[in-house]
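Here is what each chain is made of, one letter per residue.
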Amino acid sequence: MGCCSGRCTLAFICGMQLVSVLERQVIDFLGYQWAPILTNFLHIIVVILGLFGTIQFRPRYVTGYAAWLVMWMTWNVFIICFYLEVGDLSRDSDLVLTFNLSMHRSWWMENGPGCRVTPITPPPSWAPEDHRYISISGCLMDFQFIEVAHSSLQILLALVGFIYACYVVKLISEEEDSFDFIGGFDSYGYQGPQKTSHLQLQPMYM
């Protein structure tokens with residue numbers, strides 16, 4: 001019963017992770033954030049494998065899923081530090097999240113709750129010709145805090161998933177050990193008592 005409840009809970013957590021990371025993947029695609037896009041794609045694959053291992057009693061898949069969650073939490077801690085500009089990090093850097101392929105920022109910068117985007121004409125002389133120059137005002141929450149909230153949610157889900165993954169691996173291992181103990185007699189060639197015949201042959205004289 002414990003194994004069933006643990007596996008069901010872990011499967012539910014994997015489902016929540018898939019829903020949340022798919023939403024994040026769409027937002028990162030709209031914002032041309034290439035580094036998060038690649039990382040999200042890897043996370044989706046690993047979560048699917050972890051879900052498969054949970055359903056099919058594959059402890060190696062669940063163990064790999066748990067190991068990935070450690071790296072996933074580390075990545076999201078970096079994202080939080082990046083948007084909060086901890087240390088020498090700057091959220092205005094084009095190299096970190098876009099591989100210096102574009103000047104785009106987070107999609108939430110222009111599309112956050114209450115944000116009003118006003119094009120500025122004429123654009124400054126230093127602005128690239130293929131980019132528009134805008135002014136953003138009225139946002140109820142700055143985009144960096146929305147990104148921090150998304151990463152915090154991912155860390156929370158990953159932490160709970162890591163704990164339940166370790167729990168499920170332990171339960172599956174104990175269950176496999178109990179099965180080996182029950183079927184252990186076969187490995188030693190144990191044979192049950194056999195019926196013997198009490199019929200005695202008598203000589204015949206002609």
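Structure: see above.
Residues numbered from 1 in each chain as written. Predicted model: local features only at pLDDT ≥ 70, side-chain atom pairs only at ≥ 80, totals over all residues. Heavy atoms only, no water.

Across all of its chains, the model carries 9 aromatic pairs by this definition. Note on F52 and Y61: the rings are 5.5 Å apart at their centroids and 70 degrees apart in plane angle, and the pair reads as edge-to-face. The partly exposed category is assigned to F52, whose relative accessible area is 36%. Aromatic side chains W75 and F78 sit 5.7 Å apart centroid to centroid with 35 degrees between the ring planes, which places their arrangement in the tilted category. Taken together, the positions of W75 and F78, both in helix α3 (residues 59–83) and 3 residues apart, correspond to about one turn of that helix. Ring pairing ties together the aromatic residues W75, F78, F82, Y83 and F143, which thus form one cluster. (Phe/Tyr/Trp six-rings, centres within 6.5 Å; stacked < 30°, edge-to-face > 60°. Buried < 20%, exposed > 50% of the residue type's maximum accessible area, 1.4 Å probe, protein only. Helix = DSSP H or I, 4+ residues; strand = E, 2+ residues; numbered from the N terminus.)

Here we take up unusual backbone geometry. Positive phi is not limited to glycine here, since Y32 has a value of about 55 degrees. Mapping Y32 onto the fold places it in the loop between α1 (2–30) and α2 (34–55).

A few words on the state of the cysteines. Among covalent bonds in proteins, the disulfide is the one between the sulfur atoms of two cysteines. Inspection of every chain in the model, using the stated rule, returns 1 disulfide. Through a disulfide, C115 is tied to C139; the S-S separation comes to 1.9 Å. Of note, the bridge from C115 to C139 carries an S-S torsion of about 125 degrees and is right-handed in sense. With C115 in the loop between α5 (108–111) and β1 (116–119) and C139 in the loop between β2 (134–137) and α6 (143–182), this pair connects stretches of sequence that are 24 residues apart. Looking at C139, the relative accessible area reads 27%, which means it is partly exposed. (Disulfide = S-S within 2.5 Å.)

Let us now look at the side chain of E147. Following the sequence through the fold, E147 ends up in helix α6. Those residues in contact with E147, other than ones at most four positions away along the chain, are Y83, S106 and W108. (Contact = heavy atoms within 4.5 Å.)

Enumeration over the complete set of coordinates arrives at 2 salt bridges. Of the charged contacts, one joins R91 and E85 as a salt bridge, the two residues approaching to 3.6 Å between their closest N and O atoms. We classify E85 as partly exposed; its relative accessible area is 32%. (Salt bridge = Lys/Arg side-chain N within 4 Å of Asp/Glu carboxyl O.)

What follows covers a nonpolar patch on the surface. Where nonpolar side chains cluster on the molecular surface, the patch consists of F41, L42, I45, L49, F52 and Y61 and spans about 530 Å² of accessible area. By residue number, the principal contributor to the nonpolar patch is α2, which donates 5 residues. Inspection of the secondary structure puts L49 in helix α2. (Patch = residues over 30% accessible without salt bridge, like charges linked within 9 Å, V, L, I, M, F, W, Y side chains within 5 Å. Areas by Shrake-Rupley, 256 points an atom, 1.4 Å probe, with all protein chains shown as cover.)

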